[in-house]
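Structure at a glance
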Amino acid sequence: MSLLEVEDLAIHFGGVKAVDGVSFSVAPGEVFSIIGPNGAGKSTIFNLISRIYKPTRGTIRFDGADITAFQAHQVAPLGIARTFQNIELFDHSTVLDNLLMGRHTHRSTNFVQDMLFLPAVRRAERAHRRRVEEVMEFLELEAYREKMIAGLPYGVRKVVEIGRALAVGPKLILLDEPASGLSVEESQDVAFWIEDMRRDMGLTVLMVEHDMRLVAQVSDRVLAVANGKPLAQGTPSQVKADPAVQAAYLGTEVAQ
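A brief look at the structure comes next. A quick note: this is a predicted structure, and the numbers were derived from the prediction, not measured.

Reading guide: rules and limits
Residues numbered from 1 in each chain as written. Predicted model: local features only at pLDDT ≥ 70, side-chain atom pairs only at ≥ 80, totals over all residues. Heavy atoms only, no water. Helix = DSSP H or I, 4+ residues; strand = E, 2+ residues; numbered from the N terminus. Buried < 20%, exposed > 50% of the residue type's maximum accessible area, 1.4 Å probe, protein only. Contact = heavy atoms within 4.5 Å. Areas by Shrake-Rupley, 256 points an atom, 1.4 Å probe, with all protein chains shown as cover. 1 Å grid on protein atoms, 1.4 Å probe; cavity = no way out; pocket = protein on both sides within 12 Å on 5 of 7 lines; lining within 4 Å. Points joined across faces, edges and corners; volume = space filled by probe spheres on them. Nonpolar A, V, L, I, M, F, W, Y, C, P; charged D, E, K, R; others polar. Axes fitted to C-alpha atoms, helices over the stretch in contact; angles between N-to-C directions. Parallel < 35°, antiparallel > 145°, perpendicular 65-115°, else oblique. Pairing = 2+ DSSP bridges. Right-handed = clockwise from strand over helix to strand, strands pointing away. Core = buried A, V, L, I, M, F, W, Y, C linked by side-chain atoms within 4.5 Å.

Turning our attention to the overall build of the protein. Within the protein one finds nine helices and ten strands. Counting only residues that meet the buried cut, the protein has 46% of its 256 residues in that class. A separation of at least 24 residues holds for 67% of the contacts in the protein among residues at least 6 apart in sequence. Of the roughly 12,300 Å² of accessible surface on the protein, a fraction of 51% belongs to carbon and sulfur atoms.

Turning our attention to the layout of surface pockets. Reported here for the largest pocket is a volume of approximately 450 Å³. Those elements that provide at least two residues to the lining of the largest pocket are strand S6 (80-82) and helix H5 (154-167). Residues belonging to the lining of the largest pocket are distributed by class as follows: ten nonpolar, five polar and three charged.

Interhelical geometry of H5 versus helix H6 (residues 184-201) gives an angle of 10° and a closest axis separation of 11 Å. Between H5 and H6, the angle falls in the class roughly parallel. Residue-level contacts link Gly155, Val159, Ile162 and Leu166 of H5 to Glu186, Trp193, Met197 and Met201 of H6. By residue class, the composition of the contact of H5 with H6 is six nonpolar, one polar and one charged.

This part is about the pairing of strand S8 (residues 204-208). Counting buried positions along S8 yields five of five residues, so the element is predominantly enclosed. Where strand S3 (residues 31-35) lies against S8, four bridges are found, and the strand directions are parallel. The partner of Ile34 across the bridge, within S8, is Val208. Examined bridge by bridge, strand S7 (residues 172-176) and S8 share five bridges and lie parallel to one another. Each bridged residue has a counterpart across the sheet, and for Leu174 the counterpart in S8 is Leu206. What joins S7 to S8 is H6, and the crossover it makes is right-handed.

To continue, consider the pairing of strand S1 (residues 4-13). Looking at chain direction, S1 and strand S2 (residues 16-26) are connected through eight bridges and run antiparallel. Bridge pairing in S2 places Leu9 opposite Val22. In textbook terms, the turn of a hairpin is the stretch between consecutive antiparallel strands, and for S1 and S2 this stretch comprises two residues, one of which, Gly14, has a positive phi near 65°.

What follows deals with the environment of His73. Its location among the elements puts His73 in the loop between strand S5 (65-66) and S6. Looking at His73, the relative accessible area reads 63%, which means it is exposed. Taking the C-alpha atoms as reference, His73 lies 8.9 Å from Ser50; in sequence the two are 23 residues apart.

Take the nonpolar core next. By size, the foremost hydrophobic cluster in this structure holds 44 residues, and its most contacted members are Leu139, Val160 and Leu166. The element contributing the most residues to this core is H5, with seven residues. Not counting chain neighbours up to four residues away, the residues in contact with Leu139 comprise Val159, Ile162, Gly163, Leu166 and Trp193.

Let's shift gears to unusual backbone geometry. Although it is not a glycine, Asp8 adopts a positive phi angle of roughly 50°. You can see Asp8 is positioned in strand S1. Look at Arg51: it is not a glycine, yet its phi comes out positive at around 70°. Position of Arg51 relative to the elements: it lies in the loop between helix H1 (42-49) and strand S4 (57-62). Relative accessible area serves as the criterion here: at 7%, Arg51 is assigned to the buried category.

Structure representation (C-alpha coordinates):
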(Lines give C-alpha, C1' and ligand atoms only; values in the text may rest on other atoms or scores of the structure.)
Protein backbone atom coordinates (compact mmCIF):
# COMPACT_ATOMS: atom_id res chain seq x y z
CA MET A 1 0.00 0.00 0.00
CA SER A 2 1.28 3.49 -0.86
CA LEU A 3 1.68 6.12 1.83
CA LEU A 4 1.09 8.94 -0.67
CA GLU A 5 -0.90 8.71 -3.89
CA VAL A 6 -1.21 11.58 -6.35
CA GLU A 7 -3.56 11.02 -9.29
CA ASP A 8 -4.02 13.30 -12.33
CA LEU A 9 -3.03 16.35 -10.29
CA ALA A 10 -3.41 19.73 -12.00
CA ILE A 11 -3.59 23.42 -11.15
CA HIS A 12 -4.20 26.23 -13.61
CA PHE A 13 -3.52 29.90 -12.91
CA GLY A 14 -5.65 31.56 -15.55
CA GLY A 15 -4.35 30.20 -18.83
CA VAL A 16 -1.11 28.89 -17.29
CA LYS A 17 -1.09 25.17 -16.55
CA ALA A 18 1.48 25.09 -13.76
CA VAL A 19 0.83 21.40 -13.08
CA ASP A 20 -1.06 19.33 -15.63
CA GLY A 21 -1.83 15.66 -15.16
CA VAL A 22 0.84 14.51 -12.71
CA SER A 23 0.42 11.09 -11.10
CA PHE A 24 2.74 9.14 -8.80
CA SER A 25 2.77 7.16 -5.59
CA VAL A 26 5.28 6.91 -2.76
CA ALA A 27 5.66 3.73 -0.72
CA PRO A 28 6.35 3.74 3.03
CA GLY A 29 10.07 4.12 3.68
CA GLU A 30 10.82 5.22 0.12
CA VAL A 31 12.91 8.20 -1.00
CA PHE A 32 11.11 9.62 -4.05
CA SER A 33 12.52 12.64 -5.89
CA ILE A 34 10.96 15.08 -8.35
CA ILE A 35 13.32 16.76 -10.82
CA GLY A 36 12.91 19.23 -13.65
CA PRO A 37 14.05 22.61 -14.94
CA ASN A 38 13.15 25.89 -13.26
CA GLY A 39 9.45 26.59 -13.64
CA ALA A 40 8.60 22.92 -14.23
CA GLY A 41 6.03 22.88 -11.41
CA LYS A 42 8.01 20.96 -8.80
CA SER A 43 7.43 23.26 -5.82
CA THR A 44 3.84 23.78 -6.97
CA ILE A 45 3.32 20.03 -6.55
CA PHE A 46 4.59 20.37 -2.98
CA ASN A 47 2.20 23.28 -2.39
CA LEU A 48 -0.67 21.16 -3.63
CA ILE A 49 0.25 18.19 -1.42
CA SER A 50 0.64 20.42 1.65
CA ARG A 51 -2.68 22.05 0.72
CA ILE A 52 -1.38 25.58 0.27
CA TYR A 53 -2.93 25.48 -3.21
CA LYS A 54 -6.28 24.02 -4.21
CA PRO A 55 -5.97 21.75 -7.26
CA THR A 56 -7.95 22.40 -10.42
CA ARG A 57 -8.41 18.65 -10.67
CA GLY A 58 -6.95 15.44 -9.33
CA THR A 59 -6.79 13.51 -6.08
CA ILE A 60 -4.30 13.40 -3.22
CA ARG A 61 -4.43 10.48 -0.79
CA PHE A 62 -2.27 10.14 2.29
CA ASP A 63 -2.15 7.02 4.43
CA GLY A 64 -5.38 5.82 2.83
CA ALA A 65 -7.33 9.06 3.34
CA ASP A 66 -8.40 11.50 0.64
CA ILE A 67 -6.88 14.85 1.67
CA THR A 68 -7.64 16.74 -1.55
CA ALA A 69 -10.15 19.03 0.19
CA PHE A 70 -8.22 19.42 3.46
CA GLN A 71 -7.07 22.82 4.71
CA ALA A 72 -3.36 23.54 5.12
CA HIS A 73 -3.53 23.48 8.93
CA GLN A 74 -5.00 19.97 8.85
CA VAL A 75 -2.03 18.43 7.06
CA ALA A 76 0.74 18.49 9.67
CA PRO A 77 -1.31 16.62 12.33
CA LEU A 78 -1.73 13.79 9.80
CA GLY A 79 2.03 13.31 9.68
CA ILE A 80 3.20 15.48 6.77
CA ALA A 81 5.97 18.05 7.31
CA ARG A 82 7.90 20.13 4.79
CA THR A 83 10.71 22.54 4.18
CA PHE A 84 10.60 25.42 1.71
CA GLN A 85 12.77 26.41 -1.23
CA ASN A 86 13.17 29.84 0.39
CA ILE A 87 14.01 29.38 4.05
CA GLU A 88 11.00 30.15 6.25
CA LEU A 89 12.26 30.59 9.81
CA PHE A 90 11.74 33.10 12.62
CA ASP A 91 14.91 35.16 12.25
CA HIS A 92 14.76 36.81 15.67
CA SER A 93 14.20 33.60 17.61
CA THR A 94 16.72 30.97 18.65
CA VAL A 95 17.33 27.64 16.96
CA LEU A 96 15.68 25.94 19.94
CA ASP A 97 12.56 28.10 19.70
CA ASN A 98 12.29 27.51 15.95
CA LEU A 99 12.44 23.76 16.42
CA LEU A 100 9.90 23.91 19.24
CA MET A 101 7.52 25.59 16.76
CA GLY A 102 7.45 22.25 14.99
CA ARG A 103 5.78 20.72 18.04
CA HIS A 104 2.71 22.97 17.99
CA THR A 105 0.57 20.33 16.26
CA HIS A 106 1.04 18.06 19.30
CA ARG A 107 -0.40 20.55 21.78
CA SER A 108 -2.87 18.65 23.95
CA THR A 109 -3.50 21.08 26.82
CA ASN A 110 -6.03 23.91 26.94
CA PHE A 111 -5.72 27.63 27.62
CA VAL A 112 -6.51 27.39 31.34
CA GLN A 113 -4.01 24.59 31.90
CA ASP A 114 -1.37 26.61 30.07
CA MET A 115 -2.07 29.75 32.10
CA LEU A 116 -1.79 27.86 35.40
CA PHE A 117 1.16 25.82 34.15
CA LEU A 118 -0.39 22.65 35.55
CA PRO A 119 1.51 19.32 35.78
CA ALA A 120 0.05 18.18 32.43
CA VAL A 121 1.56 21.25 30.78
CA ARG A 122 4.94 20.67 32.41
CA ARG A 123 4.94 17.03 31.28
CA ALA A 124 4.06 18.05 27.74
CA GLU A 125 6.78 20.72 27.69
CA ARG A 126 9.38 18.19 28.82
CA ALA A 127 8.27 15.74 26.12
CA HIS A 128 8.46 18.43 23.43
CA ARG A 129 11.90 19.50 24.63
CA ARG A 130 13.17 15.90 24.58
CA ARG A 131 12.01 15.46 21.00
CA VAL A 132 13.66 18.71 19.90
CA GLU A 133 16.90 17.80 21.66
CA GLU A 134 16.90 14.47 19.80
CA VAL A 135 16.50 16.30 16.49
CA MET A 136 19.30 18.75 17.34
CA GLU A 137 21.59 15.84 18.19
CA PHE A 138 20.66 14.04 14.96
CA LEU A 139 21.48 17.13 12.85
CA GLU A 140 24.45 18.18 15.00
CA LEU A 141 22.86 21.51 15.90
CA GLU A 142 23.63 21.47 19.63
CA ALA A 143 26.25 24.22 19.33
CA TYR A 144 23.64 26.56 17.83
CA ARG A 145 20.87 25.86 20.37
CA GLU A 146 20.67 29.40 21.75
CA LYS A 147 21.84 31.25 18.63
CA MET A 148 19.51 33.62 16.81
CA ILE A 149 18.59 32.50 13.29
CA ALA A 150 19.46 35.91 11.82
CA GLY A 151 23.13 35.50 12.74
CA LEU A 152 23.61 32.00 11.37
CA PRO A 153 25.30 31.00 8.10
CA TYR A 154 22.99 30.04 5.24
CA GLY A 155 23.92 26.35 5.41
CA VAL A 156 23.08 26.13 9.11
CA ARG A 157 19.72 27.82 8.55
CA LYS A 158 18.91 25.22 5.90
CA VAL A 159 19.62 22.50 8.44
CA VAL A 160 17.48 24.23 11.08
CA GLU A 161 14.54 24.21 8.70
CA ILE A 162 14.98 20.49 8.18
CA GLY A 163 15.12 20.16 11.96
CA ARG A 164 11.84 22.02 12.43
CA ALA A 165 10.17 19.66 9.97
CA LEU A 166 11.59 16.64 11.80
CA ALA A 167 10.39 18.04 15.13
CA VAL A 168 6.82 17.64 13.87
CA GLY A 169 7.34 13.89 14.08
CA PRO A 170 6.15 13.21 10.52
CA LYS A 171 5.53 10.02 8.59
CA LEU A 172 6.29 11.86 5.34
CA ILE A 173 8.76 14.74 5.00
CA LEU A 174 8.77 16.97 1.93
CA LEU A 175 12.22 18.43 1.25
CA ASP A 176 12.13 21.33 -1.21
CA GLU A 177 15.66 21.70 -2.64
CA PRO A 178 17.48 20.82 0.61
CA ALA A 179 20.91 21.12 -1.05
CA SER A 180 20.27 24.45 -2.79
CA GLY A 181 23.07 26.91 -2.02
CA LEU A 182 25.11 24.38 -0.04
CA SER A 183 28.73 23.38 -0.50
CA VAL A 184 29.67 19.90 -1.69
CA GLU A 185 30.45 18.88 1.89
CA GLU A 186 27.14 20.24 3.20
CA SER A 187 25.24 18.48 0.40
CA GLN A 188 26.91 15.22 1.39
CA ASP A 189 25.73 15.75 4.96
CA VAL A 190 22.18 16.13 3.61
CA ALA A 191 22.56 12.81 1.80
CA PHE A 192 23.64 11.08 5.02
CA TRP A 193 20.75 12.62 6.94
CA ILE A 194 18.19 11.52 4.35
CA GLU A 195 19.50 7.97 4.52
CA ASP A 196 19.36 8.10 8.33
CA MET A 197 15.82 9.54 8.26
CA ARG A 198 14.70 6.45 6.43
CA ARG A 199 16.80 3.87 8.26
CA ASP A 200 16.74 5.19 11.83
CA MET A 201 13.52 7.23 11.94
CA GLY A 202 11.43 5.14 9.56
CA LEU A 203 10.48 8.20 7.50
CA THR A 204 9.28 8.43 3.94
CA VAL A 205 10.97 11.21 1.96
CA LEU A 206 9.62 13.17 -1.00
CA MET A 207 12.27 15.51 -2.36
CA VAL A 208 12.50 18.23 -5.01
CA GLU A 209 16.12 18.76 -5.97
CA HIS A 210 18.40 20.08 -8.74
CA ASP A 211 21.56 18.40 -7.45
CA MET A 212 21.57 15.25 -9.54
CA ARG A 213 24.40 13.71 -7.54
CA LEU A 214 22.26 13.91 -4.42
CA VAL A 215 19.21 12.60 -6.28
CA ALA A 216 21.12 9.63 -7.66
CA GLN A 217 22.70 8.86 -4.29
CA VAL A 218 19.58 8.75 -2.12
CA SER A 219 16.55 8.18 -4.36
CA ASP A 220 14.75 4.90 -4.93
CA ARG A 221 12.66 6.39 -7.73
CA VAL A 222 12.53 9.67 -9.60
CA LEU A 223 9.81 11.60 -11.43
CA ALA A 224 10.93 14.10 -14.07
CA VAL A 225 8.58 16.93 -14.99
CA ALA A 226 8.72 19.83 -17.43
CA ASN A 227 6.16 22.55 -18.13
CA GLY A 228 3.93 21.01 -15.49
CA LYS A 229 3.74 17.63 -17.24
CA PRO A 230 5.38 14.31 -16.36
CA LEU A 231 8.24 13.23 -18.62
CA ALA A 232 9.55 10.00 -17.12
CA GLN A 233 9.42 7.96 -13.94
CA GLY A 234 11.65 5.17 -12.69
CA THR A 235 14.96 4.55 -11.00
CA PRO A 236 17.52 7.36 -11.13
CA SER A 237 19.46 5.60 -13.86
CA GLN A 238 16.33 4.95 -15.93
CA VAL A 239 15.20 8.58 -15.73
CA LYS A 240 18.73 9.83 -16.36
CA ALA A 241 18.87 7.83 -19.59
CA ASP A 242 15.48 8.94 -20.89
CA PRO A 243 15.91 11.07 -24.06
CA ALA A 244 13.03 13.38 -23.14
CA VAL A 245 14.62 14.10 -19.76
CA GLN A 246 18.01 14.73 -21.34
CA ALA A 247 16.50 17.20 -23.77
CA ALA A 248 14.35 19.02 -21.20
CA TYR A 249 16.59 19.16 -18.17
CA LEU A 250 19.85 17.30 -17.97
CA GLY A 251 21.34 18.15 -21.35
CA THR A 252 24.74 16.76 -22.24
CA GLU A 253 25.63 16.36 -18.56
CA VAL A 254 23.64 13.14 -18.38
CA ALA A 255 25.66 11.50 -21.10
CA GLN A 256 29.00 12.01 -19.36
